[in-house]
Amino acid sequence: MLKAYLSNDKDMIKFQYGDKIIRFRGPYSLEKFTSVKEWDNGYLVVMAKYQHNKDPEEEYIDLIPILRDLYIDAAHFLKPIKEVRLAYGQN
């Protein structure tokens with residue numbers, strides 16, 4: 001099973017699959033992701049902790065438009081990814 005990894009450094013979100021790393025801006029108040037609830041071929045449902053709220057909030061990330069903006073073939077890039085995990089301090 002091929003896994004990708006999600007993390008952030010302040011407002012920069014990092015999505016890593018193998019040796020490919022995609023970075024993009026997220027909300028300025030994002031502290032960290034607390035869990036990945038769902039992965040659906042480029043669409044993520046995650047729980048995120050923000051500075052303004054003591055409890056995590058459900059958020060949605062659609063990677064397809066981000067990949068298109070980077071001229072990456074989204075269908076080809078996403079096809080082998082079967083799971084997304086959090087990667088704080090792992091890479």
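Refer to the structure presented above.
Residue positions are counted from 1 within each chain, in the order its sequence is given. With the structure being a predicted model, the display of local features is reserved for residues of pLDDT at least 70 and the display and counting of side-chain atom pairs for 80 or more, all residues being used for whole-chain, interface and lining totals. For side-chain calculations, the full set of non-hydrogen atoms in the structure is used, while hydrogens and water are omitted.

Novice: Help me out: how do you make sense of the sheet that holds strand S6 (residues 57-62) in this one?
Specialist: Within a beta sheet, neighbouring strands are joined by backbone hydrogen bonds and run either parallel or antiparallel to one another. Should DSSP find at least two bridges between two strands, the strands are regarded as paired. Think of it this way: any DSSP run of H or I at least four residues long counts as a helix, any run of E at least two long counts as a strand, and we number them from the N terminus. Taken together, the three strands give an open sheet; going across it, the order is S4-S5-S6, and neighbouring strands pair in antiparallel fashion. The sheet terminates laterally at strand S4 (30-40) and S6, the two strands that pair on one side only. Between one strand axis and the next, the sheet turns through 30° on average, direction left out of account. One ladder, built from six bridges, connects strand S5 (residues 43-50) with S6; its direction is antiparallel. Note that in S6 the partner of Val 45 across the bridge is Tyr 60. To obtain an axis, a line is fitted to C-alpha atoms, over the contacting stretch when the element is a helix, and the angle between two such axes runs from 0 to 180 degrees between their N-to-C directions.

Novice: Sorry, what's going on with unusual backbone geometry here?
Specialist: Among all residues save glycine, negative phi is the norm, and among peptide bonds the norm is trans. Residue Lys 10 is not a glycine yet carries a positive backbone phi of 60°. Along the chain, the position of Lys 10 falls in the loop between strand S1 (2-9) and strand S2 (12-17).

Novice: I would appreciate a short explanation of the pattern of salt bridges in the present structure.
Specialist: In a structure, side chains of opposite charge can pair up when their charged atoms sit close to one another. Salt bridge criterion: a side-chain nitrogen from Lys or Arg within 4 Å of a carboxyl oxygen from Asp or Glu. Within this structure, the stated rule accounts for six salt bridges. Lys 37 is the salt-bridge partner of Glu 58, the closest N and O atoms lying 2.6 Å from each other. With Glu 58 in strand S6 and Lys 37 in strand S4, the pair connects residues that are 21 residues apart, well separated along the chain.

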